[in-house]
Amino acid sequence: MTDRAVSPPTVDEVRQLLRSVIDPELGDNIVDLGMVDSVSIEAGVVTIGVKLTIKGCPLRAQIKNDIESRLETHPGVGKVKIVWGEMNAEERSEVMTKARWNARENAGDTAVPNSARVLAIASGKGGVGKSSVTANLAVALASHGHVVGVLDADIWGFSIPRMLGMSDRLEARRVDGVEKPRIVPNERTVGSGLLKVVSTGMLVEDEGTALMWRGLMLTKAVEQFLNDVHWGDLDYLLIDMPPGTGDVQMGLARMLPRTDLIIVTTPAVSAQKVAIRAADMARRSFLRVAGVIENMSHFTCEHGTIYPLFGEGGGTTLANEIGAELLGQVPIENAVASGSDIGEPVALSGSSAAAEVFRDIAKKIVAATVPVTEMAGCSARLLESVEIALGKKPR
Ligand SMILES: Nc1ncnc2c1ncn2[C@@H]1O[C@H](COP(=O)(O)OP(=O)(O)OP(=O)(O)O)[C@@H](O)[C@H]1O
Ligand SMILES: [Mg+2]
């Protein structure tokens, strides 16, 4: 063996080797993500300081293995020591910005204008009121004078056309001299604002025909709604998510990484159950959370007595669990359901408590006073809840 072969690596060489260690959650190498805090080399022992987004990061073991196996490819490395640290809030936010930036770089362009704030209305569970929230926030935002796009990503379970009273077939035409025809969203004027809506419900004959879409690749359909729609000017784009946290969320994270999630829950949904799904979502994407909405919070009878029909505390617990803000609690009201049935969401002109809450949430969104929450940073915390929920058994 020559001297050169056994001489220890330089700090630069170590950093170069570490560039092949990828944080799978953040999708970039640990050096460029700023996770490698220090490198020192002494008598063949390489000591690396690694800062994790959170100390109990579930990926720690994998990162450790990857660092060791990469460094051991250098003949001058005798031993590898890793000193774990934790990022502070500012560093965490910086690393997430970088990860999002990378995702954006790889995402390619969509037809959604950069100026639009993109909010996806999601939940860990079906039937909690995502579509009702989407429809009501859309009209409330539009009545502030905004142009609000609504993308119904519930490809085969769409309810947006009915809830917004917009069922005309979508047309495709050549716009702005562009060769390829584009889907033109259906429009509805609301006060001084405008809704621009696309849904597979506007492509098929009736709600029943939607079943035929079952074989369709979900993400492909959403991709088409992002890329092939002539959105034009938009202030907001609301995306009504299908139940669950699977392919569509992942597709969105990839195609439109600036999407922030609004998570809808009911007071009854056990925090752990939601945490399981939210943790899953957090692990696999790095969308931020703009807030939590508790729907079906309580029912007030004609005598003014309040009944927490579906339990209490779900919204607050979930918001605390993921470190996000509770944007509002929407009561159970017949007006919410009947407004959706006739295409006149209650927030349009209703004077009920639910209408007020929807309008209040829209005001908060417009004022942009609510801080967004990084999900990846809290995935370890959420995973802890998962393990507790599952009796300490990892999934
Ligand atoms: N606050 C409320 N008060 C009364 N009824 C409500 C309220 N919110 C939603 N509903 C009703 O509950 C049902 C489910 O709501 P919605 O369709 O909005 O849920 P979802 O989460 O979009 O469901 P899915 O997961 O199937 O897409 C609808 O019939 C709706 O009208
Ligand atoms: Mg729905």
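Just so it is clear, the model here is predicted, and its values are computed rather than measured.

Student: For this particular structure, what's the right way to read the site of ligand 1?
Tutor: Around ligand 1 sit 18 residues in total, of which Gly127, Lys130, Ser131, Ser132 and Asn295 are the nearest. Taking glycine 127, its main chain carries an N or O atom lying 2.8 Å from an oxygen atom of ligand 1. Between ligand 1 and glycine 129, the relevant distance is 2.9 Å, taken from an oxygen atom to a main-chain nitrogen or oxygen of the residue. For ligand 1, the accessible surface in isolation is 630 Å², of which the surrounding protein chains cover 76%. It is helix H5 (residues 130-142) that provides the largest number of residues to the shell around ligand 1, a total of three residues.

Student: How should I be thinking about a nonpolar patch on the surface in this particular structure?
Tutor: Where nonpolar side chains cluster on the molecular surface, the patch consists of Phe299, Tyr307, Leu309 and Phe310 and spans about 370 Å² of accessible area. Relative to the helices and strands, phenylalanine 299 is located in strand E15 (residues 299-300). With relative accessibility at 32%, the residue phenylalanine 299 sits in the partly exposed group.

Student: What is the right way to read the packing of helix H2 (residues 11-18) against helix H3 (residues 60-71) from this model?
Tutor: Packed helices, taken two at a time, are described by their axes: the angle between them and the distance between them. Two numbers describe how H2 lies on H3: the axes approach to 9 Å, and their chain directions differ by 125°. Our classification of the angle between H2 and H3 gives oblique. When the axes of H2 and H3 are compared, the crossing they make is right-handed. Residues Val14, Leu17 and Leu18 of H2 lie in contact with H3, whose contacting residues are Ile67, Arg70 and Leu71. Residue composition of the contact of H2 with H3, by class: five nonpolar, no polar and one charged.

Student: I would appreciate a short explanation of the pattern of salt bridges in the present structure.
Tutor: As a working rule, side chains carrying opposite charge can pair if their charged atoms are close by. Tallying each qualifying case throughout the model produces eight salt bridges. Across the salt bridge formed by lysine 51 and glutamate 91, the nearest N and O atoms sit 2.9 Å from each other. Taken together, the positions of lysine 51 in strand E4 (residues 45-52) and glutamate 91 in helix H4 (residues 89-107) put the pair 40 residues apart, joining distant regions of the chain. Residue lysine 51 is classed as buried on the basis of its relative accessible area, which comes to 18%. One salt bridge in this structure joins glutamate 356 and arginine 359, with 3.1 Å as the shortest N-O distance. One end of the pair, glutamate 356, and the other, arginine 359, are both in helix H12 (residues 353-367), three residues apart, so they sit about a helical turn from each other.

Student: What am I meant to see in the pairing of strand E7 (residues 147-152) here?
Tutor: The side chains of a regular strand alternate, first on one face of the sheet and then on the other. Judged by how many residues are buried, E7 sits mostly within the fold: five of six residues are covered. Pairing of E7 with strand E11 (residues 193-198) involves five bridges; the strand directions are parallel. Opposite glycine 149, over in E11, you have lysine 196 as the bridge partner. As judged from the five bridges shared by E7 and strand E12 (residues 236-240), these two strands associate in the parallel manner. Residue aspartate 152 lies in a different strand from E12, and its bridge partner there is aspartate 240.

Student: It is not clear to me how the packing of H5 against H12 should be interpreted in this structure. Could you clarify?
Tutor: For the pair H5 and H12, interaxial distance at closest approach is 9 Å and the crossing angle is 65°. Two packed elements cross with a definite hand, and for H5 against H12 that hand is right-handed. Residues Ser132, Val133, Asn136, Leu137, Ala140 and Leu141 of H5 form the contact with H12, whose participating residues are Phe358, Arg359, Ile361, Ala362, Ile365 and Val366. Its residues placed into classes, the contact of H5 with H12 shows nine nonpolar, two polar and one charged.

Student: Just checking my understanding: could you explain the pairing of E12 for this structure?
Tutor: Within E12, five of the five residues are buried, leaving the element largely enclosed by the surrounding structure. Residues Tyr236, Leu238 and Asp240 point to one face of E12 and Leu237 and Ile239 to the other, with burial holding for every one of them. In the sheet, strand E6 (residues 117-122) pairs with E12 via five bridges, with the strands oriented parallel. Bridging across to E12, leucine 119 finds its partner in leucine 238.

Student: Please explain the environment of aspartate 37 as it appears in this structure.
Tutor: Structurally, aspartate 37 is set in strand E3 (residues 36-42). Between the C-alpha atom of aspartate 37 and that of methionine 87, which follows or precedes it by 50 residues, the distance is 9.8 Å. If sequence neighbours within four positions are ignored, aspartate 37 has contacts with Arg15, Gly49 and Lys51.

Student: I keep staring at the sheet that holds strand E5 (residues 79-86) and nothing clicks. Help me out?
Tutor: Neighbouring strands of a sheet are bound in pairs by backbone hydrogen bonds; such pairs are parallel or else antiparallel. Strands sit in the order E3-E4-E5 across an open sheet of three strands; the sheet is mixed. For this open sheet the edge positions go to E3 and E5, each flanked by a neighbour on one side alone. The sheet shows a mean angle of 15° between the axes of neighbouring strands, direction not considered. Note that E4 and E5 share eight bridges and pair parallel. Bridging from a neighbouring strand, glycine 49 pairs with valine 83 of E5. Where H2 meets the sheet, its contacts fall on E3 and E4, and the angle it forms with E3 comes to roughly 130°.

Calculation criteria
- Residues numbered from 1 in each chain as written.
- Chains lettered and ligands numbered in written order.
- Predicted model: local features only at pLDDT ≥ 70, side-chain atom pairs only at ≥ 80, totals over all residues.
- Heavy atoms only, no water.
- Near = heavy atom within 4 Å.
- Polar contact = N/O pair within 3.5 Å; in protein donor to acceptor, adjacent residues only side chain to side chain.
- Areas by Shrake-Rupley, 256 points an atom, 1.4 Å probe, with all protein chains shown as cover.
- Helix = DSSP H or I, 4+ residues; strand = E, 2+ residues; numbered from the N terminus.
- Patch = residues over 30% accessible without salt bridge, like charges linked within 9 Å, V, L, I, M, F, W, Y side chains within 5 Å.
- Salt bridge = Lys/Arg side-chain N within 4 Å of Asp/Glu carboxyl O.
- Buried < 20%, exposed > 50% of the residue type's maximum accessible area, 1.4 Å probe, protein only.
- Axes fitted to C-alpha atoms, helices over the stretch in contact; angles between N-to-C directions.
- Parallel < 35°, antiparallel > 145°, perpendicular 65-115°, else oblique.
- Left-handed = near helix turned anticlockwise from the far one by under 90°.
- Contact = heavy atoms within 4.5 Å.
- Nonpolar A, V, L, I, M, F, W, Y, C, P; charged D, E, K, R; others polar.
- Pairing = 2+ DSSP bridges.

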